There are 2 protein chains.
Amino acid sequence: MKAGRGPVVKFTEASKPIPKIKASRVLAVLDFTLRVVAVLGTLASAVAMGTSRETLPFATRFIRFRARYKDLPTLTFFVMTNSIVCAYLVLSLPVSVVHMIWTAAVNSRIILIISDTVMMGLVTAGASAATAIVYLAHYGNPSTNWFAFCQQFNSFCGRISGSLIGSFIAITVLLLLIIMSSVAISRR
Amino acid sequence: MKAGRGPVVKFTEASKPIPKIKASRVLAVLDFTLRVVAVLGTLASAVAMGTSRETLPFATRFIRFRARYKDLPTLTFFVMTNSIVCAYLVLSLPVSVVHMIWTAAVNSRIILIISDTVMMGLVTAGASAATAIVYLAHYGNPSTNWFAFCQQFNSFCGRISGSLIGSFIAITVLLLLIIMSSVAISRR
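What counts and what doesn't
Residues numbered from 1 in each chain as written. Chains lettered and ligands numbered in written order. Predicted model: local features only at pLDDT ≥ 70, side-chain atom pairs only at ≥ 80, totals over all residues. Heavy atoms only, no water. UniProt positions renumbered as here; feature names shortened; annotations may be inferred. Helix = DSSP H or I, 4+ residues; strand = E, 2+ residues; numbered from the N terminus. Polar contact = N/O pair within 3.5 Å; in protein donor to acceptor, adjacent residues only side chain to side chain. Contact = heavy atoms within 4.5 Å. Salt bridge = Lys/Arg side-chain N within 4 Å of Asp/Glu carboxyl O. Buried < 20%, exposed > 50% of the residue type's maximum accessible area, 1.4 Å probe, protein only. Disulfide = S-S within 2.5 Å.

Chain A has the name CASP-like protein in an unreviewed UniProt entry, where Malus baccata is given as its organism. The Subunit (unreviewed entry) field of the UniProt record for chain A holds the comment "Homodimer and heterodimers."

Below, the structure written as structure tokens:
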């Protein structure tokens, strides 16, 4: 072992830092790409939910004429959280570009981990609260006499269910971003 | 600058590592304490929600005799997520103890960050979905004809509202743990 010590040291000093920087740059590019995906996901969710409305051509004593996302406070919360997280992700894109160039950055990565975690919590809260309400809209709850309204508002229900997808993609992406940032910090 | 180079090097070599290790140990002890707090929070939430039931002494055509958390699938999900996160936090306590002794550990910290983030997502999903349902139970929704049942089931509603507190404490604690772990990794 001792005889081979010289060349081994030479190897680690000369060749190792280059792939390390290369791997960090690949991680930074992946970080940027994932952020763009999450921006599109949250934007699509917010727009799809925010523009969901349906007016029925008929009316009975129990069914109202119109369904909008504003009728349910939880869906308003969903639109708000997705808009906030989308705005944050757009603002984080320049930081991600800086990480591509300056791969050794640590403090900015820690700030990104913290804010990514907060934003992941926010979008998870919005998405899961909305999912609970969308579930009720589809299946209702006989124990509490909460009736499903999806039989009547077919198109509205399809829209609010579909709008959850973008949000769940954003949650997955933010989780991946947090994992990648912590790996990038540990690789310094 | 060059004249003072000797003593400066001596200072960094001799005295700096000691407060660094000390600070890491303080962070590790704080990590353990916060995990215990989160264990108690999720346990209290799961138990408070899991044991909530109320039987009314009277009955009308619309009000059912009994309210249990199992009547609402979202509250069952809340109990499940809190139990899972509580179990995970108990299992993570030994790792936290290892970090107190071996402050330079990196790989185990990264695994903790990843699993803490997943668990934060899980408990946030459970808590916010349950909050959406508890909000409906308190205030109902006139647009969808979902009636508030908290006028009838006072004690049940108080219990399910209170059980959310432990869960939100656990979310805050997990957020702090993720921040502390990333700071600890960057301090190496």
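Moving on from the model shown.
Let us look at the side chain of Asp 31 of chain B. Residues and elements named next belong to chain B. In this fold, Asp 31 is placed in helix α2 (residues 17-50). A polar side-chain atom of Asp 31 sits 2.7 Å from a polar atom in the side chain of Ser 96. Those residues within four positions of Asp 31 in sequence are excluded, and the remaining contacts are Ser 96, Leu 177, Met 180 and Ser 181.

Here we take up the pattern of salt bridges. All names here are of chain B. Scanning the entire structure with this criterion turns up six salt bridges over all chains. Residues Asp 31 and Arg 35 are paired through a salt bridge, measuring 2.8 Å at the closest nitrogen-oxygen approach. Here Arg 35 and Asp 31 lie together in helix α2, a separation of four residues that amounts to about one turn. Overall, the relative accessible area of 0% leaves Arg 35 in the buried class. As a salt-bridge pair, Arg 68 and Asp 71 come within 3.8 Å of each other at their nearest N and O atoms.

Residues and elements named next belong to chain A. Counted according to the given criterion, the structure contains two disulfides over all chains. The side chain of Cys 150 participates in a disulfide bridge whose partner is Cys 157; the two sulfur atoms lie 1.9 Å from each other. Sign of the S-S torsion, about -80 degrees for the bond between Cys 150 and Cys 157, identifies this disulfide as left-handed. Comparing Cys 150 with Cys 157, the two get one shared label, buried.

With that out of the way, let us pick up unusual backbone geometry. Within the chain, Asn 145 of chain A stands out as a residue other than glycine whose phi angle is a positive 60 degrees. Residue placement: Asn 145 of chain A occurs in the loop between α4 (107-139) and α5 (154-186).

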